[in-house]
Amino acid sequence: MKKQIELIRNIGISAHIDSGKTTLTERILYYTNRIHAIHDVKGKDGVGATMDSMELEKERGITIASAATFCKWKNHEINIIDTPGHVDFTIEVERSLRVLDGGILVLCSVGGVQSQSMTVDQQMKRYKVPCVAFINKCDRSGANPSRVIQQLREKLGHNAIPVQIPIGLEANFIGVIDLISMKAIYFDGDNGEKVRIEKIPAELMAQAEETREKLVDAASIFSDELTEAILEEKEISEPLLISAIRTGTLTRKMTPVFMGSAYKNKGIQPLLDAVTAYLPCPMDVENLALDMDNDEKPVILSYGEKDPVVALAFKLEDGAYGQLTYIRLYQGTLAKGDTIINIRSGRKIKVGRLARMHANQMEEIESIPPGFIGALFGVDCASGDTFVSPGLNLTMTSMYVPEPVISLAIVPKDNKAQINMSKALNRFTKEDPTFKTHVNEETMETIISGMGELHLEVYIERMRREYNAEVTTGKPRVAYRETITQMAEFNYIHKKQTGGSGQYGRVAGYIEPISDQEFVFENKVVGASIPTQYIAACEKGFKNCLQKGPRMGFPVTGIKVVLNDGSSHAVDSSDMAFQAAARGGFLEGYRKAKPVILEPIMKVVVEAPTEFQGGAMGSLNQRRGMIVGSQDEGHMCSIEAHVPLAEMFGYSTVLRSLTQGKAQFTMEFSSYKPVPKNVEEDLIKKVAEGKKHVA
């Protein structure tokens, strides 16, 4: 494995659903000789794209799990992670971006900047990942790259500058003009593998010169040398222009835009050149770890080969040889036989086999150099764990994990299915932090929770296929929450005398709503009216009440408890007594604080042909939706609405039948809002019925 760190690129490909991410990855692998035949997503040959290795992915034509691979392009090693487009699998995108240095933002030349493009762009911003944009599908009818560039600027706030212009569009799309070398590039051969460089066609010369001028102008901000060359009217060399664009891209102040058609094999090789020229190598990115021995002080990692190891586990997979842990090495070299420490558990680990991944195949290697992505075998750890050499106590900052919004009860068919189901759940919850499971104490049903219907559907299907666990599912349930709307005081005495030493504790204070946190506890007790040793018990007592709200049994959120008075008894007070007093105090205050039920509201974006606009809007209104915007883009329109999740079950079928299957929608969690009175009454009835049923 080559160790020249300047020649490494760790990149991800992110985009809206169906923008052609996986198709693009397939072409990249073909042109870099990683694969020797091109297979299409949902292809007629039944093979499916290389990166969609899961059977389910091939059938559905979507990417579910992010897959890693690597390839070589002009002496550069490129590690690629293909990520899913569906928002239900957003954690896969989050954890990929966490370990990547650069990204390709793929946009459809017809659809432009779509709702999911905005989400992935937000995620890139969160992890400060520099990117280049690729406008795909320039061969499709309605293709308009200029409009997409405009949208990149207006909707995403990118300083998007084209470095190519298309030669022809739609069915006449035959190649691109490179504005840096001022040459026309055509793609010949059965699979576009032969790149032919020609002069720019005369009819496009004026447009090319004008666009190049804008490009040089935009790039000059990032290079004094280039500005000087412009002022002195010198000839601008290619390396000078490339270096200025690179500086702009690395600081995320400029997004160079490329175009092509992955499906028609056009424009991929120049994009690979761009990845090596403009995207960062690991050393260009400053990565920080927190020093646990020094008040979590940030430490800049060095990328030195001989420095102590610092690596992050970002993805787990259960394979034929046990657990496979994907890691990104930030510092030092990890070799077979080395000893590393898992910072979270403090456990020592002897490194056994190491591998590099190519979709579902692997290549065994002796060591992983700094900056690389690789995999470890048989290591027991969780996603997000940091591994270091003995003697270090550094931890990488963790990933953002959103809370699940939907849950489903599952019941195994028989005893065998029960055993297999628990094995499957154990694995899935370890691999995916957004997938959670618990047993409902009242109904004794197993409940699984996740990010959306598709997310849970995929796991149930995987349970059946990979673990032979047949389960029946209940209706999906919404993750409701409870909260309070006003401040209320409490003053509660817990007193019990049943022979022997009794129980005594008094707590007084108030509870009030807060918006940005789940729970805050503040101790304002003065004069030791509650002895210090019992304060922790009071906090524990209040905290325990949050799991099951007094109103309808949903978890309580957004609450601040202030304890300012109380009393104790020299003999009868204990931790137990104060925990019970806290519970009593919480219930007393909660009743007076006007509690409400909150429901998850989803941001829904429907994209449909304009003739179905009315029908689509109507369907959202019927679902208690609030339309927040509607935009016509050519013959398509995009409607954005906020709709309660409870009303969105089965919406894909409704939308399909309404629009003859021509519309699609995306949905992601937006916020929690109080439910209307009539819905709350229905909920109360349902909960009461459920309790009766259990009894």
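Since we're looking at a predicted model, the values are computed, not measured.

Cut-off values and rules
- Residues numbered from 1 in each chain as written.
- Predicted model: local features only at pLDDT ≥ 70, side-chain atom pairs only at ≥ 80, totals over all residues.
- Heavy atoms only, no water.
- Helix = DSSP H or I, 4+ residues; strand = E, 2+ residues; numbered from the N terminus.
- Rg over C-alpha atoms; globule rule 2.2 N^0.38 Å.
- Buried < 20%, exposed > 50% of the residue type's maximum accessible area, 1.4 Å probe, protein only.
- Areas by Shrake-Rupley, 256 points an atom, 1.4 Å probe, with all protein chains shown as cover.
- Lys, Arg positive; Asp, Glu negative; His and termini not counted.
- Charge placed at Lys NZ, Arg CZ, Asp CG, Glu CD.
- Pairing = 2+ DSSP bridges.
- Axes fitted to C-alpha atoms, helices over the stretch in contact; angles between N-to-C directions.
- Contact = heavy atoms within 4.5 Å.
- Parallel < 35°, antiparallel > 145°, perpendicular 65-115°, else oblique.
- Nonpolar A, V, L, I, M, F, W, Y, C, P; charged D, E, K, R; others polar.
- Polar contact = N/O pair within 3.5 Å; in protein donor to acceptor, adjacent residues only side chain to side chain.
- Salt bridge = Lys/Arg side-chain N within 4 Å of Asp/Glu carboxyl O.

## Comments concerning the overall build of the chain
Here is step 1: Secondary structure assignment for the chain yields 16 helices and 37 strands.
Here is step 2: Over its C-alpha atoms the chain spans a radius of gyration of 29 Å, differing by no more than 12% from the 26 Å that the globule rule assigns to 695 residues.
Here is step 3: Dimensions of the chain, computed from the C-alpha atoms along their principal axes, are close to 100 × 65 × 60 Å.
Here is step 4: When burial is assessed residue by residue, the chain has 55% of its 695 residues classed as buried.
Here is step 5: Of the accessible surface of the chain, which amounts to about 30900 Å², a share of 49% is contributed by carbon and sulfur atoms.
Here is step 6: Treating the 81 positive side-chain charges of the chain as one cloud and the 88 negative ones as another, the clouds have centres 5 Å apart.

## Side note on the sheet that holds strand β28 (residues 471-478)
Here is step 1: Here four strands make up an open sheet; going across it, the order is β26-β27-β25-β28 and the pairing antiparallel. Of all strands in the sheet, those bounded by a partner on one side alone are β26 (436-439) and β28. The mean angle between the axes of side-by-side strands here comes to 25 degrees, regardless of whether they run parallel or antiparallel.
Here is step 2: Across five bridges, strand β25 (residues 406-412) lies against strand β27 (residues 446-450) in antiparallel orientation. Bridge pairing links L408 to I448 in β27.
Here is step 3: Each of β25, β26, β27 and β28 touches helix α10 (residues 415-431); the most contacted strand, β25, lies at about 150 degrees to it.

## Here we look at the packing of helix α8 (residues 238-250) against helix α9 (residues 268-278)
Here is step 1: Where α8 contacts α9, the two axes come as close as 9 Å, and the packing angle between them is 75 degrees. With respect to their mutual orientation, α8 and α9 come out roughly perpendicular. Between α8, through I242, I245, R246, T249 and L250, and α9, the contact on the second element is made entirely by T276, A277 and Y278.
Here is step 2: Of the residues belonging to the contact of α8 with α9, the class tally is five nonpolar, two polar and one charged.

## Some points on the sheet that holds strand β7 (residues 164-167)
In a beta sheet, neighbouring strands pair by backbone hydrogen bonds and run either parallel or antiparallel.
Here is step 1: The four strands are arranged β7-β8-β9-β10 in an open sheet whose pairing can be described as antiparallel. A single partner strand is all that each edge strand has here, and the edge strands are β7 and β10 (194-198). Within the sheet, the average angular offset between the axes of one strand and its neighbour, ignoring direction, is 30 degrees.

## Section: helix α7 (residues 224-231)
Here is step 1: If you check the start of α7, you find a side-chain oxygen 3.4 Å away from the backbone N of E225, and it comes from S223.
Here is step 2: Phi turns positive one or two residues past the end of α7, at E233, with a value near 55 degrees.

## A closer look at the pattern of salt bridges
Here is step 1: Enumeration according to the criterion identifies 24 salt bridges in this entry.
Here is step 2: Of the charged contacts in the structure, one is a salt bridge between D101 and R328, with a shortest N-O distance of 3.0 Å. Taken as a pair, D101 in the loop between α3 (90-99) and β4 (102-108) and R328 in strand β15 (residues 322-331) lie far apart in primary sequence, 227 residues in all. The residues D101 and R328 share a single accessibility class, namely buried.

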